[in-house]
Structures are given as C-alpha cells and as structure tokens.
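Geometric and topological summary
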Amino acid sequence: MTITKNNRTNDFSNGKVWQNIISQSIPLILAQLVQLLYNVVDRIYIGHLPGADSMALTGIGLVFPLTTLIAAFTFLFGTGGTPLFSIARGAGEDKQAEKILGNTFSLLLGCSLVMFFFCYIFRRPVLYLFGAGDASYVYADAYLRIYLFGTTFTMLSTGLNGFINAQGFPRMGMLTTLIGAVLNLVLDPVFIFLLDMGVSGAALATILSQMVSCVWVLLFLTGRKALLRIRKENLAVDWKLTRKIMALGMSGFIMQGTNCLVQVVCNATLKIYGGDLYVGIMTVINSVREILSLPVNGLTSGSQPVLGYNYGAKQYERVCQGIRFTAVLGILYTLLAWFAVIQCPHFLLSVFTEDTAMLEAGTEALQLYFFGFFFMAFQFSGQSAFTALGCSKRAVFFSLLRKAVIVAPLTLILPRMGLGVNGVFWAEPISNCIGGLACFITMYITLYRKLKASAREISTAAAVSGHTESLP
C-alpha cells in the first residue's frame, strides 16, 4: 500500500466521540484483561500450591518491583511513541507516523536486552534489598530467573500493541494478547502441577505465552493489513525523535517507576511491621487492584488515540467531549468497584489464597487500601488527557506527585506514627485523593478551558465566514 496524505482510514474526527472512545476502549479493556491474565493466573495457581502456604505468594510479591521496572521502560517508549503517532496520523503526516513506529520498535528492542542482562546478573542482591528472607528468596528466584528470559517478548508485545489500536484496529490489538493468554491458561497447570515445576513452571508458561503474543504483534505491524507498518528504513534511531518519544513517555515511565519505588518501600516496611505474611497480603491486594483498575485504565487508554487524533485535526470541541465522557464514566465505574470491595473482601482475597491467616488479616487491609477508590478516576482521566495531547511536563509532574511525593513518604511515616501495618495501607487512599484531585483540577484549568475557548473561536470564525459568503 502506498501511503498518501489523503489516506483517512479510521478517521476519529467522524462520528460521535463517545462511540469512538467506546469502540477503542472495549477491545482494549479485553486485551488488557487478557494481558493481565499472564500474571494474575500465575498468582492464583501459585497461591494454591500444596504445602507452600503464603510463602510462594510472598516470593512473587518480591519480584513485582523488577517486573514493574521492566514495564516502566516499556511505557517510556510505548506510551511515548503512540500519542505522537496518533497526532501525526491526525495531521495527515503518515511518513512521520511510520518513522515514529520504527524508532519505537528499535528503542524497545535495545532496552529489553539491557534490562535482561542487568536484572539477571543482579537479581540476588536486589531481591534481598527488596525485603526477601531466605525462605521467600527460594520462590522469588525460581520465578525471576526464568521470567527474565521473556523480557524482549514482553516489552515488544506490550509496547507496540498501542500502535495497532492507534490505527483503528482495537480488535486486532485484543487478539494479540488473547492467543498468548489462552496459551498461558493451558500451560500453567501443565507446568505447575502436571510436570511438578511449581513456581518455575508458572514463569516458563508466561514467557512462552508472551513470545506468541510478540510474534503476533510483529506479524501484523509488518503485514499488509496494517495501514502504517514497521519498515527497515525507519529502524535507525533518530535521537531528536527519541527525545520527543521519551519526553512524552516519561509520564508512563515515572508512573511505573514510582510504582516500583512504592512496591519496594511497601515490602520493606511490611517486612518490619508485619513479616512475610503481610508482604504476601500486599501481593494479593496488588492483584485485586490490577483487576479492578483495568476497566478505567482501558477506558482512558482507549480515549487517547481519539483525543490525540482530534487534537491533531484541530477538532477541539470533540477533544473536550472526549475528556468529559472519560471522566464521568471513570468516576461511576470506580464508585461501583469500591462498593464491591466493601461488600465482598473475603471473596476477592480467596481467589488468590486459601491461607486462613492471610484471609483474616487481609480483609481489613484490603478495605483500607481501597478506601475512596473513585479518586483514582480523576488521576486516570487527567493523566490521559495530558499524555494524549502531548503535555509531557504536566503528565510527568503529576505522576511524580502521587507516588514519589505522597505515597512513598507516607508509607514510611504512617507506620511510625502508631498505625503499624495499617499505615502502609492508608497511604494509598490519601494519595489517590490529593494526587487525583490535583491532577484533574490542573488539567481542567490549564488544558480543558483553553480547548473550549479555542473551540468557540473556531466556531465563531466559521459562522462569520459563512455569513460573509452569503452576503450579495
């Protein structure tokens, strides 16, 4: 296919904005759900390993910071390149869009190799630094030393899948992870129980599944069905373009990087005040949070190509409509999710573990952690608007504010103020309220109102022009 400026396939400036967002979000949510199954299914099986009690989950919890760090670098290039790609498409600059895609591929590939060697070589001292004990290290190392061999597959499949969605193929984006997730569901019990590989089997099933997902993504983005493809001439890294990708992706990087920081601080603090049991409880809570956050995260992620495209096409009123719709629907959903946690905490925990001590202690911890969960919708909607429209500095600032400035210090301070382990779980809702509202209000004042003003100016100018043309 020859690329032309007039190629306007999958034009997000047509149709109702909310329908465009939903059409992008639903397949993306399903794709993210499938992607989440890679890790969540592992935790479910591991949490029910015979004779492992809570120690196996504790070991997996110690691995989280490193896997989150890998995700941070994936976001640095993936979420940095995708909005630039959408804006270029909206402006009709298809050659530039393909260059962004090619450069993102090269950056993800190079970074994945560096991450693999670094994490593999230093995994033992790092795991002990993160709070591992001799018993939990056995499980953590058994999982991590195999999981790391899938680093390249993970980063490429996750980082490039957004470019499929940004071209208007959300269903294909869903399929890239669906095949791998189904494979993971099949292989997990085979490796873990049938072949008696335990935690190592869970890691092996995961990387084989990720490999299949990666191959699927690459086949699509180099094939004929894609509107814009990965081409050899675009693989040479353009450092000027790289700086733009990294500047915009810095928000996602910092969000994941600060998640890594918070996980390390939480594990280390819980190890002091609650022992290995509470490190395992935090592992389960993180799993529940990932599941309940997925729809609102998918909604806001699905809105980004639509917002970016319309912004590039100077359809500012449509951008405002998209921001309003995303915020309202996100708030309604997170209110329902909070209610679900209040009503059935024991059920949510029991999905991941049968350990009686973990279920009893985890019930209160889960309810504290999710208190006021709806404030997260403000963070998600504000952050996605900044990212979609290229406001990288503000997106980075609010990523840092919630995690590094609020959560991490509170995680260290509150337990020492007499709250003990409960202080660790209170840090999250406090940060959601302060950080979420600050992000959304700033987005409204500095971005949304300006877009509304620009939309009115364009509308007025069009009305005046039409009136002038109608004069005799």
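In the block above lies the structure referred to throughout.
First, a word on scope: everything that follows refers to the structure included in this document.

Analysis parameters
- Residues numbered from 1 in each chain as written.
- Predicted model: local features only at pLDDT ≥ 70, side-chain atom pairs only at ≥ 80, totals over all residues.
- Heavy atoms only, no water.
- 1 Å grid on protein atoms, 1.4 Å probe; cavity = no way out; pocket = protein on both sides within 12 Å on 5 of 7 lines; lining within 4 Å.
- Points joined across faces, edges and corners; volume = space filled by probe spheres on them.
- Helix = DSSP H or I, 4+ residues; strand = E, 2+ residues; numbered from the N terminus.
- Nonpolar A, V, L, I, M, F, W, Y, C, P; charged D, E, K, R; others polar.
- Expected span 1.5 Å × (residues − 1).
- Bend = angle between axes of the 7 residues up to and from the residue.
- Buried < 20%, exposed > 50% of the residue type's maximum accessible area, 1.4 Å probe, protein only.
- Axes fitted to C-alpha atoms, helices over the stretch in contact; angles between N-to-C directions.
- Parallel < 35°, antiparallel > 145°, perpendicular 65-115°, else oblique.
- Left-handed = near helix turned anticlockwise from the far one by under 90°.
- Contact = heavy atoms within 4.5 Å.
- Phe/Tyr/Trp six-rings, centres within 6.5 Å; stacked < 30°, edge-to-face > 60°.
- Lys NZ or Arg CZ within 6 Å of the ring centre and 35° of its normal.

**Quick notes on empty space enclosed by the protein**
Taken as a whole, this structure holds three cavities of 30 Å³ or more when the rule is applied. Its boundaries defined by the atoms lining it, the second largest cavity holds a volume of some 120 Å³. If you go around the second largest cavity, you meet 14 residues; those closest to its centre are V262, C266, N286, Y369 and E428. Looking at the lining of the second largest cavity, the elements that each hand over two or more residues are α9 (239-273), α10 (276-312), α15 (392-413) and α16 (421-470). Broken down by element, the lining of the second largest cavity gets its largest block of residues, four residues, from α9. In terms of residue class, the lining of the second largest cavity is made up of seven nonpolar, four polar and three charged.

**Side note on helix α2 (residues 55-90)**
In this model α2 runs 51 Å from its N-terminal to its C-terminal C-alpha over 36 residues, within 8% of the 52 Å that 1.5 Å per residue would give. Of all the bends in α2, the largest measures some 35° and sits at F64, one to four residues before the proline P65. Burial within α2 is extensive, with 29 of its 36 residues counted as buried. The first or second residue beyond α2 is G92, which carries a positive phi of 80°.

**Overview of the packing of helix α3 (residues 94-121) against helix α6 (residues 151-166)**
At a minimum axis separation of 8 Å, α3 and α6 run at an interaxial angle of 155°. The angle between α3 and α6 places the two elements in the roughly antiparallel class. Where α3 crosses over α6, the handedness of that crossing is right-handed. Here α3 contributes I100, L101, T104, F105, L108, L109, C111, S112, L113, M115 and F116 to the contact with α6, which in turn contributes T151, T152, M155, L156, G159, L160 and F163. Taken together, the residues of the contact of α3 with α6 break down into 13 nonpolar, five polar and no charged.

**Comments concerning the packing of aromatic side chains**
In this description, a pair of aromatic rings is defined by centroid distance and the angle of the planes. Enumeration according to the criterion identifies 24 aromatic pairs in this entry. For the pair Y311 and Y316, a centre-to-centre distance of 5.8 Å together with 55° between the ring planes defines the contact as tilted. Put simply, the rings of W338, F371, F374, F375, F378, W426 and F440 pair up and form one aromatic cluster. Looking at R123, its charged tip hangs above the ring of Y120, at a distance of 4.4 Å from the centre.

**A few points about the environment of M417**
Examined against the element boundaries, M417 turns out to sit in the loop between α15 and α16. We classify M417 as exposed; its relative accessible area is 61%. The spatial distance from the C-alpha of M417 to the C-alpha of V217 is 49 Å, given a sequence separation of 200 residues.

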